[in-house]
Amino acid sequence: MPTYLITGANRGIGLELVRQLAGRGDVVVATVRDRARAADLDDLAARTGRVTVAELDAASEASANALSATLAGRPLDVLVNNAGVLNSYGGFTDPSHDEKAWHDVLMTNVAGPFFVSRALHANLKAGSLKKLVFISSVMGSSTRARGGSYPYRASKAAITNIALGLSHELKPDGIAVAAFHPGWVKTSMGGSGADITVEQSAAGLIARIDHLTLATTGVFEDYKGEPIPI
């Protein structure tokens, strides 16, 4: 049975990915920044016997390396870099787009997934499926840029670029890489007026992950499989 590692797994899309994957019989390592805030994951672990909860600050290289040491020698089939933050939907003059916000968003949404992927590279190489996934966003599409949310948009454009670069560099290792847009989802980030539920988004993302192979490495698609322009 495949083993997945999902970052940012204690709420929203991450939690639903864990729930659906464990529900179909997969093994999941679910990471959270604060181990004390993982009650739902602990419940899933107890009920399914297929979930392990691990601590990870997705914005920290040291934390990524500590997780790597904990998982040393354990093969991972799929790594899903899901953890992310959004500071504001505001425009150019929004004062919340300050130095701290730029640092937090870029470290969590760009540098963090890079550190985690590099730290767990050996685990992915040892896996059978060898899939590396980045949860990006259509808001990172330069073609579709409409202003606002500047730190978040920049971070998602950057992580998509990293995913496309890694699709070339990691192909000799047999690792397929993709960036996926989860849709506009009813979460604390997406808001109650969003288009789809976390259940719909997670189901679609899992289908895209299942479909990902070396033949399709480097795709930037939404949860329904529709290509997104860079």
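Computed from a predicted structure; not experimentally measured.

What the protein contains, in helices and strands, is 7 helices and 7 strands. Reading the secondary structure of the protein in the N-to-C direction produces β-α-β-α-β-α-β-α-α-β-α-β-α-β. Rg of the C-alpha trace for the protein: 16 Å, near the compact-globule value of 17 Å for 230 residues, within the 12% margin. Counting only C-alpha atoms and orienting by the principal axes, one finds that the protein spans roughly 50 × 40 × 35 Å. Expressed as a percentage of the 230 residues in the protein, the buried residues total 51%. Counting contacts in the protein only where the partners sit at least 6 residues apart, residues at least 24 apart contribute 68% of the total. Across the protein, the centroid of the 22 positively charged side chains sits 4 Å from that of the 22 negatively charged ones.

Let us look at the sheet that holds strand 2 (residues 27-32). Pairing within the open sheet is parallel, and its 7 strands lie in the order 3-2-1-4-5-6-7. Here the strands that pair on one side only, and so sit at the sheet edges, are strand 3 (51-55) and strand 7 (219-222). Ignoring which end each strand starts from, the neighbouring axes of this sheet average 20° apart. As judged from the 4 bridges shared by strand 4 (residues 78-81) and strand 5 (residues 131-135), these two strands associate in the parallel manner. Note that in strand 5 the partner of Asn81 across the bridge is Phe134. Across the sheet, helix 4 (residues 99-119) is in contact with strand 4 and strand 5; its angle to strand 4 comes to roughly 165°.

One non-glycine residue, Lys130, lies in positive phi territory at about 55°. Among the secondary structure elements, Lys130 is positioned in the loop between helix 5 (121-126) and strand 5. Under the relative-accessibility criterion, Lys130 is labelled buried at 17%.

Between its first and last C-alpha atoms helix 7 (residues 198-211) spans 20 Å; for 14 residues at 1.5 Å apiece the expected length is 20 Å, and the two agree. Where helix 7 is buried, its residues meet strand 1 (3-6), helix 1 (12-23), strand 4, strand 5, strand 6 (176-181) and strand 7.

Burial along strand 1 is two-sided: the residues Thr3 and Leu5 and Tyr4 and Ile6 are all buried. Bridging between strand 1 and strand 2 involves 4 bridges; their strand directions are parallel. Bridging from a neighbouring strand, Thr3 pairs with Val27 of strand 2. Inspection of the sheet shows strand 1 paired to strand 4 by 3 bridges, in the parallel sense. Residue pairing in the sheet places Leu5 in a bridge with Leu79 of strand 4.

A separate point is the pairing of strand 6. With respect to burial, strand 6 is a largely interior element, 6 of its 6 residues being buried. What you see with strand 6 is no split at all: Ala176, Ala178 and Phe180 on one side and Val177, Ala179 and His181 on the other are buried throughout. When strand 5 meets strand 6, the two strands line up parallel, connected through 5 bridges. Paired with Val133 across the strands is Ala178, a residue of strand 6. Once you follow strand 5 into helix 6 (residues 150-169) and on to strand 6, the crossover reads as right-handed. Relative to strand 7, strand 6 is paired through 4 bridges, and the arrangement is parallel.

Attention now moves to the nonpolar core. Ile6, Leu17, Val18, Leu41 and Val80 are the most contacted members of the largest nonpolar core, which has 34 residues in total. Among the elements that take part in this core, helix 1 stands out by supplying 6 residues, more than any other. Among residues more than four places away in sequence, those in contact with Leu17 are Ile6, Val80, Ala202, Leu205 and Ile206. Counting 26 residues, the second largest nonpolar core, distinct from the first, contains Leu79, Ala119, Leu124 and Ala163.

The next subject is the side chain of Thr108. Mapped onto the secondary structure, Thr108 falls in helix 4. In contact with Thr108, other than residues within four places in its own chain, are Ala58, Ala59, Ala83, Gly84, Val85 and Pro113.

Time to look at the environment of Gly147. If you trace the backbone, Gly147 turns up in the loop between strand 5 and helix 6. Note on Gly147: relative accessible area 30%, which makes it partly exposed. Put simply, Gly147 and Tyr89 are 58 residues apart on the chain and 9.2 Å apart in space, counted from C-alpha to C-alpha.

Rules behind the numbers
- Residues numbered from 1 in each chain as written.
- Predicted model: local features only at pLDDT ≥ 70, side-chain atom pairs only at ≥ 80, totals over all residues.
- Heavy atoms only, no water.
- Helix = DSSP H or I, 4+ residues; strand = E, 2+ residues; numbered from the N terminus.
- Rg over C-alpha atoms; globule rule 2.2 N^0.38 Å.
- Buried < 20%, exposed > 50% of the residue type's maximum accessible area, 1.4 Å probe, protein only.
- Contact = heavy atoms within 4.5 Å.
- Lys, Arg positive; Asp, Glu negative; His and termini not counted.
- Charge placed at Lys NZ, Arg CZ, Asp CG, Glu CD.
- Pairing = 2+ DSSP bridges.
- Axes fitted to C-alpha atoms, helices over the stretch in contact; angles between N-to-C directions.
- Expected span 1.5 Å × (residues − 1).
- Right-handed = clockwise from strand over helix to strand, strands pointing away.
- Core = buried A, V, L, I, M, F, W, Y, C linked by side-chain atoms within 4.5 Å.

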